[in-house]
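What the coordinates show
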Amino acid sequence: MCNFVFHTRMNHTNSGKLFHFPQMVANKMNAVFTQLLAFVGRHWLRVGLVLLTLFLLTRKQIDLSVQLGRPANPQLYHAAPIPIPESRNEQIPVPIEANPDVTSQNELRTQQLNVISGSNHSSAVASALQLLRRTDERDIQSFLDRFHSVAQTEQERYGIPASIILANGLLQSQGGTRNSLSTTANYFMLPCTPDWRGQKQEDGTPCLRVYPNAWTSFRDHSLFITTGRFAQLTTLAANDYQAWARGLQQIGYPGGTNLANELIEVIEEYGLTRYDS
């Protein structure tokens with residue numbers, strides 16, 4: 001009988017505790033909230049400064065994320081479109097007005113290429129072609145065997161004639177025999193430009209872009225001639241190598257005033273159109 005009364009009282013006590021538990025939690029939360037309000041009331045200035053600092057830091061991170069996607073000099077990529085000649089014999093028009101930033105950039109790249117070839121503006125690519133013709137035919141064939149499939153992949157992805165990619169690579173890398181390739185893997189001798197964020201070789205003149213491998217060099221070349229000022233070239237047919245050659249010269253690809261004819265001559269001399277799809 002005593003045991004029954006004892007257990008009954010214990011069950012009644014536990015039931016009472018369970019019944020009052022939600023009320024205890026609510027009272028505890030009210031007490032914590034009251035203390036928090038009291039703390040904010042006493043230290044409102046410090047709390048306000050902390051919140052303001054967190055807001056500014058968050059906004060700065062957002063601005064930084066947006067800025068990382070912008071080119072160093074957006075004006076370089078907003079030059080007015082230039083009409084591209086449709087035929088090989090059509091005269092290339094001279095723009096009436098030119099963006100001074102674009103003009104200076106073109107001059108810088110041309111000067112850099114002239115230093116590479118050791119010649120003046122008018123003979124820069126001609127000298128590159130002369131050096132290519134002095135290259136062993138086995139080296140040239142090795143270059144084509146190694147990279148023709150890469151050029152075809154770039155044509156499928158970016159619409160650039162594979163013959164243009166191979167001809168430019170042959171000219172700039174001297175058929176893959178240029179000494180700087182061992183340290184830069186830069187098969188198109190693309191110089192360091194203000195928007196370049198990759199590795200650089202600055203121990204000589206000019207500063208050259210450095211790539212981890214040949215494939216990266218080919219991909220950067222594709223991006224270089226299909227974006228920014230060169231984006232208008234993507235409207236040309238992927239098998240019209242003559243229009244691409246003259247468009248590259250007209251818009252300002254490094255190579256001098258005879259770049260188009262030199263590219264066309266290399267393409268036709270080595271039969272590179274067989275790689276165009």
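That block above? That's the structure.
Residues numbered from 1 in each chain as written. Predicted model: local features only at pLDDT ≥ 70, side-chain atom pairs only at ≥ 80, totals over all residues. Heavy atoms only, no water.

So, the pattern of salt bridges
This structure, assessed with the given rule, holds 5 salt bridges. Between Arg133 and Glu269 there is a salt bridge, with the nearest N and O atoms lying 3.0 Å from each other. Of this pair, Arg133 sits in helix 4 (residues 124-133) while Glu269 sits in helix 10 (residues 259-269); the two residues are 136 residues apart in sequence, bridging distant segments of the chain. Judged by relative accessible area, which is 42%, Arg133 ranks as partly exposed. One salt bridge in this structure joins Arg219 and Glu154, with 2.8 Å as the shortest N-O distance. (Salt bridge = Lys/Arg side-chain N within 4 Å of Asp/Glu carboxyl O. Helix = DSSP H or I, 4+ residues; strand = E, 2+ residues; numbered from the N terminus. Buried < 20%, exposed > 50% of the residue type's maximum accessible area, 1.4 Å probe, protein only.)

So, the packing of helix 9 (residues 241-251) against helix 10
Direction vectors running N to C along helix 9 and helix 10 enclose 150°, while the axes themselves pass 7 Å from each other. When the axes of helix 9 and helix 10 are compared, the pair comes out roughly antiparallel. Helix-helix and strand crossings are classified by hand; for helix 9 and helix 10 the assignment is right-handed. Contacts between helix 9 and helix 10 pair Tyr241, Gln242, Ala245, Arg246, Leu248 and Gln249 from the former with Leu259, Ala260, Asn261, Leu263, Ile264, Ile267 and Glu268 from the latter. Among the residues forming the contact of helix 9 with helix 10, the class breakdown is 8 nonpolar, 3 polar and 2 charged. (Axes fitted to C-alpha atoms, helices over the stretch in contact; angles between N-to-C directions. Parallel < 35°, antiparallel > 145°, perpendicular 65-115°, else oblique. Left-handed = near helix turned anticlockwise from the far one by under 90°. Contact = heavy atoms within 4.5 Å. Nonpolar A, V, L, I, M, F, W, Y, C, P; charged D, E, K, R; others polar.)

Such coordinate-based values are descriptive only and should not be taken to indicate function.
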